[in-house]
Amino acid sequence: MTSVSENMEVQNEDSQMSKCSDSTPVISTTSASEAATSELFTGEMSGEEHTFDWCDEDNDNTMETINKNEPEIEVTDDRPFWANKIEYLLAQMGYSVGLSTIWRFPYLCFHNGGGSFLIIYIIMLFFVGVPLLLLEMAAGQRIHQGSIGVWKVFSPWIGGVGYSSFMVCFIVGLYYSVLITWNLYYLIQSFQSPLPWALCPLLRNSSDFDPECTRTTPTVYFWYRHVLKATDEIEIGGLPVFHLSLSLCVTWFIICISIIKGLKSTGKMLYVSVLLPYIILFCVFTRSLMLQGADFGLKSLLATEVSALYSLEVWRRTGNHLFLSMGSGFGSFTAISSYAPRSNNCIMDAFAVALLNLVTSVTASMFVFAIMGHLATLNNEKCYLKNAETVKNLVTTGVLSSDLRLPESLYQHMSYSYPTWFGNLPAGAKSMVRPYLSNCDLAEQFKEVMKGPGVAIVAFTDIVFSFSGSTFWAIIIFVFLVTMGLSTMLGIMQGIITALQDTFPSSRKHTKLLTVSVCVPMFLGSLIFVKPSGSYYVNMLDDRWASLPLFFILILENMSMAWIYGARRFLADLIITLGHPISPIYRWLWCFVSPFVLLILFSDEITLSYPSWAKVLLVLLIVVTILPIPAYFLYTLLKVSFPASKKNSSATVIFKHEAKVEKPIPRPRLHVGQNQKKMNKNR
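All values reported here derive from a predicted model rather than from experimental measurement.

Draft legend 1. Structural detail: the confidence of the model for the chain. Scored by pLDDT, the chain comes out at a mean of 79, with 79% of its residues at no less than 70. Scored below 50 in pLDDT, residues 1-76 makes 168 contacts in the model with residues more than four places away or belonging to other chains. Across residues 645-683, confidence stays below pLDDT 50; counting only partners more than four residues off in sequence or on other chains, it has 85 contacts.

So this is what it looks like as structure tokens:
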């Protein structure tokens, strides 16, 4: 721990006030107070003085005195911990890297500048995503509370942020379980040969194919008409689809079993749900690179549109995807970190999770683009063959000269021979033939297969037919999607269960009952999303609802730490906890960069293409999600205003800004429970 001279004078206090709201001066500390501080944040007592070599002068101004007579906030440590660091990291990584990484990242990358999107994503990830990720991890790890308890400690005035995070977790958990259900149903259907989405179904009592299927593709027909049984409009109701309801029940049963015994069962489940998807992703990615046309898809991924780098709309879309896919603001990072020791290196964890998220996103995009390049190449060859047949028929009927007939030898390698043949035609012949031919440009074919954010589903259902042993590959791919979705769902449920256990401590003695009491109502609530119109609700909530409350939560979390609790003070807590200097750049990112970016994203204009009642439903959901924040603010105001309420309150602490003081200001600090002290002495 850093030793600060007793006679050190406060320097540049006024200038520091203008940089960040926490302008508490650096005051002298004694060895005893240092030992108390060490006990506070690390649970260890030490009478020795240790000196750090600070990286710059700003770090010298970071340390603050924590007086021995300060008011204490009791934070009990009689809570379980992760069995080891591996399980903890698996929980964080599994939650952060979910189906959105596979589902939307490739689509957004293609339609927002390709390589430019990747550059913007990397910039925002490390300058905004990592600091906010570190904030949530460090807060949960330091206070050993879920999202509801953590933000009450930072500032009671915005204690409702934790309740809003809980609401977001609950609603997202309802429809996210349906995404797993869809993939689970595909997995069940994969145990047959031929695969049910390989061919169009025959009409009843006929040898003809269903005409609706022939107008599209077997995979698209199977998705909408068989899996979803989708209606043409969101207004059309109906009972939940039976086979999806059964799959949903199985999904929630797996989720419940995975978390019913607390961290012990969750940690073991994570070895399967997190590690297995990466093994499968590596296998299918390697196999996809061997396909014809994969190189064209990868070139399309890396193609950079310079104009996209200057587009505010592209930056907004990138930021929206970054925070929605990583999972910041849900409270799950805080909940998972609350079961880690206070001395855990959360900075390295934040970078590890961010890097894994980036690597997975890029790898999944390369896989999808390689697959789409292959499908575009196949469609390109089909288009060439169709044009060749058209020319042949026109020559046979005498519309075109026999000199324009394609040689039979060219039919073997259409992707190479057809462009050569057409390029060698005289200009007059080209103008004569062109009106009868389709546009077979490979780039245009690639755009066709990349339409819609569900391109990943198209890739996963179509690509199995390009491999030998399509049934085997279908099973492997949908095991990959189901397990990846489950790992994220476990993180969402951790945010819900932990918040309830912290709010009602007695429920820790009845973990099984609490888990079942949460999973059963959530299963019943999820049934609305497996109705024939359920997919519309999933898309509506995921596209239009989730972003607004999440950005509002993130803004308040960031401002609470940076401008109420104090970014310099929070950084000092981390320095004491980790035992080594930390770059002061995090303070500037928390104080200025993150709030600015979040406000820009929060002000993004959203256009709704839904009926009026659906828009009203979205507004109501947003209001219900955000309502706990002003409600808790009024509750705290009443406690402060009325002495009787204030007298009965045992944990309300209000942080006030002070410019100049001669004594250390009493600050709330965390009290290490007796169980934690005993545990640390036994180490």
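Draft legend 2. Representation of the nonpolar core within the structure. Counting 168 residues, the largest nonpolar core has Met-493, Trp-545 and Trp-590 as its most contacted members. Among the elements that make up this core, the one with the highest residue count is helix 22 (residues 470-503) (18 residues). Among the nonpolar cores identified, the runner-up in size contains 14 residues, and Val-391, Trp-421, Phe-422 and Val-433 belong to it.

Draft legend 3. Spotlight on the UniProt feature "binding site: Na(+)" (unreviewed entry) in the chain. Residues given the UniProt feature "binding site: Na(+)" (unreviewed entry) here are Gly-94, Val-97, Ser-325 and Asn-357. A maximum C-alpha distance of 11.7 Å places the annotated residues, which cover 264 residues in sequence, within one compact spot. Within the fold, Val-97 resides in the loop between helix 4 (85-96) and helix 5 (99-103). Among the residues examined, Val-97 registers a relative accessible area of 2% and is labelled buried. Look past the residues within four positions of Val-97 in its chain and what remains in contact with it is Tyr-278, Leu-356, Asn-357, Thr-360, Met-484, Ser-487 and Thr-488.

Draft legend 4. Region of the structure containing the state of the cysteines. This structure, assessed with the given rule, holds two disulfides. Between the sulfur of Cys-200 and that of Cys-213 lies a disulfide, 1.9 Å long from S to S. Given an S-S torsion of about -80°, the disulfide between Cys-200 and Cys-213 has left-handed geometry. Of the two residues, Cys-200 sits in the loop between helix 9 (160-189) and helix 10 (211-214) while Cys-213 sits in helix 10, which places them 13 residues apart along the sequence. Take Cys-200 and Cys-213: they sit in the same class, and that class is buried.

Rules used throughout
Residues numbered from 1 in each chain as written. Predicted model: local features only at pLDDT ≥ 70, side-chain atom pairs only at ≥ 80, totals over all residues. Heavy atoms only, no water. pLDDT = per-residue confidence, 0-100. Contact = heavy atoms within 4.5 Å. Core = buried A, V, L, I, M, F, W, Y, C linked by side-chain atoms within 4.5 Å. Buried < 20%, exposed > 50% of the residue type's maximum accessible area, 1.4 Å probe, protein only. Helix = DSSP H or I, 4+ residues; strand = E, 2+ residues; numbered from the N terminus. UniProt positions renumbered as here; feature names shortened; annotations may be inferred. Disulfide = S-S within 2.5 Å.

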